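Report on the structure
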Amino acid sequence: MVRLEFLKYMLSFASLAKFNPLTFDRMLESGSDFKGSDFGRDFQWGVGTSAFQVEGAWDLDGKGPSIWDTFSGKEGNIKDKTNAKAAIEFYHTYAADLKLLKRLNFENFRFSFSWARILPEGSGKINEKGLDFYDRLIDSCLELGIEPWAVLYHWDLPQALEDRGGWANRDIIGWFSEYADLCTRRFGDRVKHWMVLNEPAGFTTLGYLSGVHAPDRTGIGIFLAAVHHACMCQAEGGRIIRQNVSGSHVGTTFSCSFVEPNKLTHCHRNAADRLDVVLNRLFIEPSLGMGYPIVEVPFLRKINKYIQPGDLERLKFEFDFIGLQNYFRLISKPSMIPFIWANRMKPGDGVEITEMGWEVAPEGIYKILKQFSKYPIKEIIVTENGAAFPDVMTDGRVHDQQRIDFFKGYLEQILRAKREGVNVKGYFAWTLIDNFEWAEGNRPRFGLVYNDFETQQRTVKDSGYWFRDFLKESV
Ligand code: GAL
C-alpha cells in the first residue's frame, strides 16, 4: 500500500552525480562540530507548518469545511483512526508556540492560510473572523521578531470548490486568483515572503491519481487536468503576489527526491529518467518556459487536451526563490506500472529508515540540490526537511538522537552543496511540533517539540535543544 510515499515516489534524476570521497571525508572531519553560522549571516533558518496539520478549530468562527475535513472524517482513510478536528490547537495556542520557536533560536516561521477559513465557500463570501486570526498570527510573529513566510495553498481545498470539480475544473484559476488577491491585499503590508503552492506533485498525484489523499479521486484525465490547472495557478499566484505586495519575495515549493537507477544499464537509467520527470520536473519546467517534459513520458502528452491558446505563455513566472523539499532519495527499477514503467525499490536490509519507511539518505539532498542548481533559478531555499521517529517521553525528556543525527547529516550535505556554489539561501525544518501527518494521522512524529495529543502539552525534544545550540551564533 502506497501512501504519502507514492507522491515522494511519484515526484523526483537519473544520472549519478560524481561523488568525490576525498572532499566528503574532509567535510566529515571538519563538520563534526559545524554550526548554523557556517552557512553565512544571510542564511535564513526557520521551521515549517501547515494550517490543516496544526490549527484544529475545524468548524469554529465561520470556517467552512475543506477536502481534508471530509476525507479524514470518513472511516478507513486515516491509518491510525485519528482526525484533525483539534489537531494541535494552534488556532488557540499560536502565541505560546511562537515563543517556543523563538526560544529555539529560529527567526522564520512558515505557515499556510486555510482557504476555507477565509472563504468558507471557496469564493464569494468573506469570513472576517478567519482573516482576523491570520492578522493575530502575523502580528504575533512580528512582535516576537519572527519573520512570517506564508504559503497560499497547502492541500486543504474548500470542499465547496471540490464539489464543483476542484483542481480538475479550469475555473479553479479564477477561484484561486480571487483568494490570492484577497490574502495579498490583506496581509501584504506585513508578510513579504510568500509561497504559492506546497508540493503540487503531491496533491495532484495523491489526491487525483492514486486517491490515497483528499479528495480521493482517481483517473489519468482528472490528474492531468489538475496538473495543468495547478501549474497555471502557480504562475498566476506568483504574478498576483508580485503585483499586490511591495518588496515581495515570491516563491513556490516542490517535493524533490534524487532518483538513482539500481543498475547502470540503459533500461534502468531510462526508468529512472521517467520517474524523475514525474517527481521532479513536471511542475518547475513549465514555470521556466520549458513547457511540460513530455518527451520521456509519453502519457503526459495527453495534457495537451487541457492547454488553451495563450496558456504556455501564462505558465511562465520568474520566481525569486524555489522551495525545495526533500526527505529521502529514490532507487528505481523498470517495472510494469502502466504509464511510467518505473518503480521505486524498497530500502534494502540494514539501511536506516524513518518511521515513514523512508531511507535516511543525506547525500540525496546534496545531489538534488546540484540537480536543481542547473536550472536558471535565482535562489533555492530548503523549505522542508525532517524525519519521523518513534519518540518516547522519559522523565519529561525526549532523547531523539536519531533525529539529531538526521539533521546533522542532511545539513552537512547542504553546506557541502553551498560551498560548491549552489545558491541555497535558507533551511526550514519540518516541523516545530508533532502534528497531524495527513493520511497517517497523529502517529508519525516529525516535531522538534513533542506533543501530547490528549493534553496538548508541549515538551522540547533533544533535537529542539540541539537546534537552539546549533543556531546560537546565527541570531
Ligand atoms: C510534505 C508535506 C508536509 C508534511 C511532510 C512530512 O510532503 O508538505 O505537509 O506532511 O511532507 O511528511
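Summarised in this report is the structure supplied together with it. Small disclaimer: the values here were computed from a predicted structure and weren't measured.

Quick notes on the sheet that holds strand 8 (residues 330–334)
Read across the open sheet, the 3 strands follow the order 6-8-9; overall the sheet is mixed. Among the strands making up the open sheet, the edge pair consists of strand 6 (259–261) and strand 9 (342–344). Each strand axis lies, on average, 40° off the axis of its neighbour in the sheet, ignoring direction. Contacting strand 6, strand 8 and strand 9, helix 12 (residues 266–281) crosses the sheet at an angle of about 125° to strand 8.

Digging into the environment of Ala387
The topology assignment puts Ala387 in the loop between strand 10 (380–384) and strand 11 (393–394). Since its relative accessible area comes to 1%, Ala387 is described here as buried. When the C-alpha atoms of Ala387 and Pro334 are compared, they prove to be 28 Å apart, with 53 residues separating the residues in sequence. Apart from residues no more than four positions distant in its own chain, Ala387 is found in contact with Thr354, Arg403, Phe406, Trp430, Arg445 and Phe446.

Here's the deal with the side chain of Thr204
With respect to the helices and strands, Thr204 occurs in helix 10 (residues 200–208). Classification of Thr204 by relative accessible area gives buried; the value is 0%. Within the structure, the side chain of Thr204 is placed 2.7 Å from the backbone oxygen of Pro200, a separation counted as a polar contact.

Considerations on the packing of aromatic side chains
One pair of aromatic rings is described through two measures. These are the centre distance and the angle between the planes. For the structure on display, the rule yields 50 aromatic pairs. With centroids separated by 5.6 Å and ring planes inclined at 80°, the aromatic side chains of Phe34 and Phe470 adopt a geometry described as edge-to-face. Of this pair, Phe34 sits in the loop between helix 2 (21–31) and strand 1 (44–48) while Phe470 sits in helix 17 (residues 462–470), placing them 436 residues apart in sequence. The pair Phe34 / Phe470 is uniform in exposure class, with both members buried. Members of the aromatic cluster, each reached through a chain of ring pairs, are Phe34, Phe39, Phe43, Trp45, Phe106, Phe406, Phe407, Tyr410, Tyr427, Trp466, Phe467 and Phe470.

Side note on the pairing of strand 5 (residues 249–255)
Within a regular strand, the side chains alternate between the two sheet faces. Most of strand 5 sits out of view: 7 of its 7 residues are buried. Across the two faces of strand 5 the burial is the same, with His249, Gly251, Thr253 and Ser255 and Val250, Thr252 and Phe254 all buried. Across 3 bridges, strand 4 (residues 193–197) lies against strand 5 in parallel orientation. Residue pairing in the sheet places Trp194 in a bridge with Val250 of strand 5.

A closer look at the sheet that holds strand 13 (residues 424–430)
On the basis of which strands lie adjacent, the closed barrel formed by 8 strands has the order 1-2-3-4-5-7-10-13 and parallel pairing. On average, each strand axis in the sheet is inclined to that of its neighbour by 25°, with strand direction left out of account. Taken strand by strand, helix 11 (residues 220–244) contacts strand 3 (147–153), strand 4 and strand 5, and its axis lies near 160° from that of strand 4. On top of the sheet, helix 15 (residues 362–372) reaches strand 5, strand 7 (321–325), strand 10 and strand 13; it is set at about 135° to strand 10, its chief contact.

Parameters at a glance
- Residues numbered from 1 in each chain as written.
- Predicted model: local features only at pLDDT ≥ 70, side-chain atom pairs only at ≥ 80, totals over all residues.
- Heavy atoms only, no water.
- Pairing = 2+ DSSP bridges.
- Helix = DSSP H or I, 4+ residues; strand = E, 2+ residues; numbered from the N terminus.
- Axes fitted to C-alpha atoms, helices over the stretch in contact; angles between N-to-C directions.
- Contact = heavy atoms within 4.5 Å.
- Buried < 20%, exposed > 50% of the residue type's maximum accessible area, 1.4 Å probe, protein only.
- Polar contact = N/O pair within 3.5 Å; in protein donor to acceptor, adjacent residues only side chain to side chain.
- Phe/Tyr/Trp six-rings, centres within 6.5 Å; stacked < 30°, edge-to-face > 60°.

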